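Listed below, chain by chain, are the residues.
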Amino acid sequence: MDEIGRILEQQDGVIARRQALAAGMTEVAVTRRVRRREWVAVHPGVYVGHTGPLTWRQRAWAAVLACWPAALDGPSAIRAHEGPGRRGGLDRPEQPIEVMVAHGRHRVAPVGVRIRQSRRFADQVQWNLGPPRMRYDDTIIDLADRASRELDAIAILADACGGRRTTAERLRARMAEVPRLHRRAWLSAILEDVATGTCSVLEHRFLTDVERPHGLPRAARQLEASSAGRRMFRDVVYRGPGWTQVVELDGRLGHDDARSRDRDLERDLDAARDREHSARLGFGQVFDRPCRTALKVMRLLRLRGGESAFVCCPSCPPDVRSEAAGAAGVEWIP
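Since the model is a prediction, treat every value here as computed from it, not as a measurement.

Visitor: Can you walk me through the confidence of the model for the protein in this structure?
Guide: Any region with low pLDDT has predicted coordinates that should not be read closely. Mean pLDDT over the protein works out to 85, with 84% of the residues at or above the 70 mark. Counted against residues more than four places away or in other chains, residues 252-257, with its pLDDT under 50, gives 10 contacts.

This is how it looks when you write it as structure tokens:
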């Protein structure tokens with residue numbers, strides 16, 4: 001294989017004019033390939049070796065080469081690290097390819113490309129990967145720090161750790177090396193919670209809005225279990241002498257399709273067979289009705305044999321306070 005063929009193979013069929021010239025091609029030879037439609041221009045000076053639609057990776061390579069020296073940034077870097085399918089929407093053609101360049105490099109972004117300058121460009125890029133991209137942990141921290149909503153920041157951190165591509169401890173260690181972060185203390189606190197096992201936005205909100213403020217006992221999280229030879233993880237597990245109550249949290253991450261739903265139902269059946277009581281909660285119960293959900297979970301725990309009292313938080317609505325005060329077997333702590 002000649003040098004041109006090697007470059008095309010390594011870069012998913014994409015090549016820059018400067019690379020072709022450096023490999024020994026002449027300007028005339030490059031122009032001839034373009035005229036014959038052997039190479040098709042994607043951006044000025046960047047070509048792909050076919051006439052059909054571009055794959056996402058070819059679009060990514062073209063963007064990086066058009067802005068060279070550059071690397072994939074933000075969601076595009078995450079898509080390159082994680083592969084297709086994990087985060088919906090990143091593969092759509094209408095989504096721009098995001099790239100990062102060194103601070104001070106001002107240039108007009110090619111069509112379909114978004115450029116961001118970074119002062120830490122040299123320290124953040126993995127040049128050995130194709131296409132070059134921002135390091136995974138740096139990307140997660142940067143996206144969480146720049147997120148417009150706290151919920152989005154939590155989602156970014158929790159999904160990264162839940163996907164087991166990184167850990168909360170590793171992210172916190174990397175954060176300590178980043179000189180400028182707008183939300184350093186807050187992000188560190190979120191990662192401390194994630195380190196306890198909360199690996200989705202829903203799990204984190206259950207911990208902070210349902211369990212803690214209402215006096216629920218501290219649960220075990222992401223507890224590994226085995227049933228019928230299958231390895232699984234229980235989201236939230238409350239245990240006492242002679243009793244177990246499992247709480248499964250159906251969030252947007254990993255619970256969207258029919259196969260995931262079938263897997264969840266199978267886990268519930270396994271829990272029942274193993275004589276574990278299981279309750280399944282969704283976003284409405286945790287985000288919209290956390291106080292009422294906490295009261296119901298506390299009743300479940302007392303039904304199983306728990307003895308903890310219910311704590312009314314400052315946000316508990318009057319009907320929950322009234323029900324908690326008069327509920328049999330539930331002690332109300334104002």
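Picking up after the structure, the text goes on.
Visitor: Just checking my understanding: could you explain the sheet that holds strand 2 (residues 40-43) for this structure?
Guide: Strand pairing in a sheet relies on backbone hydrogen bonds. The paired strands run either parallel or antiparallel. Read from one edge of the open sheet, 3 strands run 1-3-2, paired in antiparallel fashion. Among the strands making up the open sheet, the edge pair consists of strand 1 (14-16) and strand 2. Adjacent strand axes in the sheet meet at a mean angle of 40 degrees when their direction is disregarded. Two strands pair when backbone bridges link them, and strand 2 and strand 3 (residues 46-48) are joined in this way by 3 bridges, in the antiparallel orientation.

Visitor: Quick question: what am I supposed to make of the state of the cysteines here?
Guide: Where two cysteines share a covalent bond between their sulfur atoms, that bond is called a disulfide. The full count for this structure, using the stated rule, is 0 disulfides. Unpaired in terms of disulfides, Cys312 finds its nearest cysteine sulfur in Cys316, a separation of 4.4 Å. With relative accessibility at 6%, the residue Cys312 sits in the buried group.

Visitor: Is there a simple way to think about the side chain of His214 in this case?
Guide: Among the secondary structure elements, His214 is positioned in the loop between helix 11 (201-211) and strand 9 (220-227). Among the polar contacts listed, one links the side chain of His214 to the backbone oxygen of Val210, at a separation of 3.0 Å. Not counting residues within four places of it along the chain, the set of residues in contact with His214 comprises Asp209, Pro290, Cys291, Ala294, Met298, Ala309, Phe310, Val311, Cys313 and Cys316.

Visitor: Explain the pattern of salt bridges here, please?
Guide: Opposite charge on two side chains permits pairing when their charged atoms draw close. Per the stated rule, a full pass over the model turns up 21 salt bridges. As a salt-bridge pair, Arg116 and Asp142 come within 3.6 Å of each other at their nearest N and O atoms. One end of the pair, Arg116, is in strand 6 (residues 113-118); the other, Asp142, is in helix 7 (residues 136-146), and 26 residues separate them in sequence. For Arg292, the salt bridge is made with Asp319, and the minimal N-O distance between the two is 2.7 Å. Taken as a pair, Arg292 in helix 14 (residues 290-304) and Asp319 in helix 15 (residues 318-326) lie far apart in primary sequence, 27 residues in all.

Visitor: Where do I start with helix 14 in this structure?
Guide: Between the first and last C-alpha of helix 14 there are 21 Å, a value that for 15 residues agrees with the 21 Å anticipated at 1.5 Å per step. Listed in full, the buried residues belonging to helix 14 are Pro290, Cys291, Thr293, Ala294, Leu295, Val297, Met298 and Leu301. Phi for Gly305, located one or two positions after helix 14, is positive at around 135 degrees.

Visitor: Any chance you could explain unusual backbone geometry here in plain terms?
Guide: Both trends apply: most residues other than glycine have a negative phi, and most peptide bonds are in trans. The peptide bond linking Trp68 to Pro69 adopts the cis configuration, its omega dihedral lying at -5 degrees. In this fold, Pro69 is placed in the loop between helix 4 (56-66) and strand 4 (71-72). Of note, the bond from Gly130 into Pro131 is cis; its omega dihedral lies within 30 degrees of zero at -5 degrees. In this structure, Asp12 takes a positive phi of about 55 degrees despite not being glycine. Not every positive phi belongs to a glycine, and Arg37 is a case in point at roughly 65 degrees. Residue placement: Arg37 occurs in the loop between helix 3 (27-35) and strand 2.

Cut-offs used in this document
Residues numbered from 1 in each chain as written. Predicted model: local features only at pLDDT ≥ 70, side-chain atom pairs only at ≥ 80, totals over all residues. Heavy atoms only, no water. pLDDT = per-residue confidence, 0-100. Contact = heavy atoms within 4.5 Å. Pairing = 2+ DSSP bridges. Helix = DSSP H or I, 4+ residues; strand = E, 2+ residues; numbered from the N terminus. Axes fitted to C-alpha atoms, helices over the stretch in contact; angles between N-to-C directions. Disulfide = S-S within 2.5 Å. Buried < 20%, exposed > 50% of the residue type's maximum accessible area, 1.4 Å probe, protein only. Polar contact = N/O pair within 3.5 Å; in protein donor to acceptor, adjacent residues only side chain to side chain. Salt bridge = Lys/Arg side-chain N within 4 Å of Asp/Glu carboxyl O. Expected span 1.5 Å × (residues − 1).

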